[in-house]
Every structure is written in C-alpha cells, then in structure tokens.
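What follows is each chain in one-letter form.
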Amino acid sequence: MLTHQDVEKLAKLTQLALSDTALAEHLQALNQTTSLLSPIKNIATTTIEPLISPLEINQRLRADVVSETNQRDRYQSLAPAVENGLYLVPKVLD
Amino acid sequence: MQHKTMAQLAQALTNKEFSARELTEYYLQRIKQHDPALNCFVTVTAEQALQQAEQADARRAAGESTPLLGIPLAHQDLFCTQEVRTSCGSKMLDNFVAPYNAQLIEQLNQAGAVSLGKLNMDEFSMGCSGQTSFYGACNNPWDNSRIVGGAASGSAAAVAAGLAAASTAMDSGGDIRLPAAFNGLTGLKPTYGRVSRWGMTAYASSFDQAGFLTRTAEDSALLLNVCAGFDERDSTSAQEAVPDYSSTLKQPLTGLRIGIARALFNGDLNSHIGEAVLASAEQLQQLGATLVDIELPHAEHAVAIATIIGTAEASTNMSRFDGVRFGYRCENPRDLADLYQRSRSEGLGELVQRRTLLGAYYLSAEQYQDYYVQAQRIRRLVKQDYMEAFKQVDLILSPTSADLPRAVNATVDANADFLTQRYTVAANLAGLPALSLPVGLLEQLPVGAQLIAPHFHEARLLNAAHQYQQATDWHTRTPAGF
C-alpha cells in the first residue's frame, strides 16, 4: 500500500504541485490500481529475459556526421520566453 | 453520400460525379451542422482543406488518378501538423503549433488526401472514454448517453457521423479498435514499426502505433498502402517490404486457420457480445476458414503488465512538458521549481497527472524490480503465447470489447479504463497487427470483433475482414440522424 508520504515523494519527483485534496484522491486511485496488479508478483519469471520492445530490433546506427541544420530561431519561436537565443527561466543563482 | 466509403468516393471523383472541392465543401458543411453536438473536432481547417481539394482537382485534371486524391480525411490531434495547432487534447499544448509535419501527415498530403482538421481525443491518449479532453467530451453519435470510447474519440465519432471519409489515430492499447467497435467502424492497428511514429506524440513509446478508422477493410488497405514503410527518422521503424494491401483483398479464405481462445470468453464478457463474435467465426468458416481452439495462458495478465509498462513509459514521456521550451507556462513563477510544478499542475489534466505519478512509482528504485522488470518479463511470456499460437493458426479472433460502451454518468473506479482494454492491449504488448470490425448490433449499438495476425501480416487481416464485409452488412449500419 502506498502512503500519503509516498505520493508526496512521487509528486516531487514528477514536478507536480498537488493540493491536499488532489493528493488524497491520487493516493486512493494509485492504491486501487496497484492492487489490481498484485497477481503478477506470483508468476515465476527468473529465467525469462525482460522484453523491452516488441520487435527486438537492434537500434540502427548511422555515420557520425552532422545531419541537421541550425533551426534554433524556428524552434525557439515556440517557447514562452527567449532572449538572444536563450530560453528564459526565473533566476536560479543570485 | 456522407457514408460512402473512400473507394466509392474515389470512383465518383474519377467519374466526375463531383469535384474534390465540392466533396470537401459538403463535408465542411456537415461539420458545421453536426459538430457542435458531437465535439469531434478540436480544429477545423476549412481554408486549407479547400486549397488541398483544389490542388487535388488540378492533379486529377492533369491525368492523375490515385486512390486518395481529393478524399477528405481528418487527423487525430496528436499528429504534428505544420501551421495547425497540435493539442493532444491538453491545455498544455493549447498554444502549440509544430514546426513540422508528422511523417504520416506528409505521406497523406503527398497522396493528395484533403485534411478537414484535427480531431478531439483523450488528453495525451490517456483514457478509453473520450471524456478527458481539455476541449470537452466527444459525444457518441449512436447514443449520447454513452461514452464514445477512446482515446481516439473524435477519430471514431467523426467517421461514424459522416463528418469525414476516414480518420487517422494512434493505438497504444486499444485506442483505435475500441472506439471503432463502439461506433460500427473498421479500426486497424498495424504492426509496431510498420507506420512511422515520427511526429506522432507518444503515450507509451513501445506500444504506440499509428493506424486508421474507416468504414471498410478495403479503405484501411488504401490508407496503409500509402503510410506503411520504413522511415529513418523513427528509430523503431521496420525495414520490411510493403506489399500492395489492396491486391490480396479478394483472395478466398479457403484454408485460413482462425484461432479462438475460448477460455477468454468468460468473466465480465457480455454474453450477447460473445455470441455475436462466435457467429462471426461461423461466418468466416462458411467463407472457407477453419476454426481452431488455442490457448493464450498469460493473456489474463496483459492488462496488469500494460498498466505498469504503459504508465512508466508515459510518465517518462510526460517529463518533456516543463513550461520552458514549448507549451503552457504558469503566470509569474516564483522560481524554477515553481515554474515546473505549476506549469505541469495547471497544464495537465487529472488523469494525466495520475498516470504520471503511477508510472513514476513503478519506476522508483524500491518498486522497479517487483513491478517494472517483472512486467517486462511477463511481456515476453505474453508475446511467446502468441508466437506459439501462430504456429497453429493464421489469425486469432476475439471480442474487441467485453461490453457495450458504458453510460456517460456511470460511476467507475480508477481501473475501469485499463480493464476496458482487456482484449486489445495484448496486441500492443506483442507488437502484433490487429483490426476491429463490426459483427452485430446489441441494444441498437454496434458490436466489434477483433482479428490479430502475426507481425507484418496486415494483408491477411484485411483480406479476412474484407471477405467478411462482402458477405455481411454490419459495417454499413450508421447512427440515426447522421
């Protein structure tokens, strides 16, 4: 069972600011879903290799050469705040 | 007219019964008339659609006559479209206009298809109801007291109501097949890697596959002919030869072996749906197929492991929404932490936040082995079950959904949407192609059956579904009033 503290920690890890009400609702739902999963813990799998991707194709390699053009201005036009080619955020260091 | 198949519309365009512009105007008028009640579209691109239609007419006048030329489609609002907003049904991306087209959009544009607009969906593909979008619920044209299904809610409702000839969508666990079943449509999820994922906003990257909702298997073949194939920009794209999916539709089913896992016709399966699916098996048998009993011993765990791996991957994918590079940013952030946290909390809906938390839990150091790695091991067992079954059979038949779509106002627990994918999610776990097709009506609502094929055997799926649709008329039923 997850606790209130567990969900607080998860919210911190996932950068979510949750009200106490939201946190309590999520806690209940997370426990409900996690209880649905308990039967899988009893399946013997120690000799089974985890399956990471359904087709198990090796990742392709390509030559180590530049293949993209500089599109900084185009991409930064989507950002909430930019200046001189930099993304702006609140001050991190004084 | 509005319920003609793409193939019929292409023939009519070739016969000069109407122009692509007239056809597009007709659909735009229908959207204007019916979409306020249904809420299928997040964005209607009327001006662009008419331009594309005129270009298609010009290409046709110059002698071109390809199957998609001038056919009005609409796209789920998670395929990136240059100059048109791609919202993923989320406040987070309410202002997001991608700087490029998804590969699938590019392929359909080049084939001369017309895009009517972008379709509503469950936020970031989370949910099976069509009710979690920032832009409001998409309504079921068959019965507005029931959910339309999702995540590709608008993609299903728009085609069922005759607001587009066909639609594109993403399937991560049943998101195409379930709303297809609920709306009397043919829904195709191709093999993982068959259609490029480039420019398709991810839910769970090892599950997601682009596909289509159409009136017939014949129309699905036309779309797959254009969209299947290798794309070097998608690192999981398959380098497999692409057949002409239309050329094998007419093959007789003689000798086709269809597997049925009868043990899965149990539990909360609505018995009338089970009967309709078994009746479709008999129909396929009359068309020459042989029915074979099979076993899929780990199928019952598919929902549990998909919940773990799917939310884990989704949680990771959601981390890109940080309020810095694109998307929603909160007002007056106090500091960087506040910027991240409030942008995400205000920009993401409740279900998205919940699944982000869930996925982070299964990936956390304390739970990683017990949940995430264990689920990946069982994922291999699920896949092996199918590989074993396909040594005996060519296709596997099951229900698409255990029940009719639930009431809009039904009280459901946190697991309802996961469990809705009971019959569909295993195909995503194993990367297999699967298709839902209409096989009956129950309480005046469509019932779907699902066919699953071995990897890269979409042609076999489409052939069986097409032959079934030549012998039956369930796929021609349409909702009253549309």
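S.K.: Just checking my understanding: could you explain the overall build of chain B for this structure?
M.R.: Check the secondary structure of chain B and you find 15 helices and 11 strands. Here chain B has a C-alpha radius of gyration of 21 Å; the compact-globule value for 482 residues is 23 Å, and the two agree. Seen through its principal axes, chain B has C-alpha atoms that stretch 65 × 55 × 45 Å. Looking at the 482 residues of chain B, the share that counts as buried comes to 62%. Contacts spanning at least 24 positions in sequence make up 77% of the contacts within chain B whose residues lie at least 6 apart.

S.K.: Mind showing me how you'd approach the overall build of chain A here?
M.R.: Along chain A, the regular secondary structure elements total three helices and two strands. Ordered by position from N to C terminus, the α and β elements of chain A give α-α-α-β-β. For 94 residues, the compact-globule estimate of 2.2 N^0.38 gives 12 Å, and the C-alpha radius of gyration of chain A, at 22 Å, exceeds that figure by more than 25%. Taken along its principal axes, the extent of the C-alpha atoms in chain A is 55 × 45 × 25 Å. Counting across all 94 residues of chain A, residues that qualify as buried make up 18%.

S.K.: Help me understand the sheet that holds strand β10 (residues 434–442) of chain B in this model?
M.R.: Whenever strands of a sheet pair, they do so through backbone hydrogen bonds, lying parallel or antiparallel. All names here are of chain B. Reading across the sheet, the 11 strands line up as β1-β3-β2-β4-β6-β5-β10-β11-β9-β7-β8 and stay open at both edges, with mixed pairing between neighbours. Looking at strand neighbours, the two that pair on one side only are β1 (41–44) and β8 (290–293), the edges of this open sheet. In this sheet, neighbouring strand axes are inclined to one another by 30° on average, regardless of whether the strands run parallel or antiparallel. In this structure, strand β2 (residues 72–76) lies alongside strand β4 (residues 166–171), joined through three bridges in parallel fashion. Paired with leucine 73 across the strands is alanine 166, a residue of β4. Contacts between helix α2 (residues 20–38) and the sheet are confined to β1, β2 and β3 (114–119), with β3 contributing the most and set at about 20° to the helix. Contacting β4, β5 (186–189), β6 (209–214) and β10, helix α7 (residues 217–227) crosses the sheet at an angle of about 145° to β6.

S.K.: Help me understand the packing of helix α2 (residues 20–36) of chain A against helix α11 (residues 350–363) of chain B in this model?
M.R.: Between two packed helices, both the angle of their axes relative to each other and the distance between the axes serve to describe the pair. Packing of α2(A) against α11(B) brings their axes to within 10 Å, and their N-to-C directions diverge by 55°. Put simply, α2(A) runs oblique to α11(B). In the crossing of α2(A) with α11(B), the sense of the turn from one axis to the other is right-handed. Counted together, His26(A), Ala29(A), Leu30(A) and Thr33(A) of α2(A) and Arg354(B), Leu357(B), Leu358(B) and Tyr361(B) of α11(B) form the full contact between these two elements. For the contact of α2(A) with α11(B), the class distribution of residues is five nonpolar, two polar and one charged.

Criteria and thresholds
Residues numbered from 1 in each chain as written. Chains lettered and ligands numbered in written order. Predicted model: local features only at pLDDT ≥ 70, side-chain atom pairs only at ≥ 80, totals over all residues. Helix = DSSP H or I, 4+ residues; strand = E, 2+ residues; numbered from the N terminus. Rg over C-alpha atoms; globule rule 2.2 N^0.38 Å. Buried ≥ 20, exposed ≤ 12 C-beta atoms within 10 Å, placed from the backbone. Contact = placed C-beta atoms within 7 Å. Pairing = 2+ DSSP bridges. Axes fitted to C-alpha atoms, helices over the stretch in contact; angles between N-to-C directions. Parallel < 35°, antiparallel > 145°, perpendicular 65-115°, else oblique. Left-handed = near helix turned anticlockwise from the far one by under 90°. Nonpolar A, V, L, I, M, F, W, Y, C, P; charged D, E, K, R; others polar.

In short, geometric facts, not functional conclusions.
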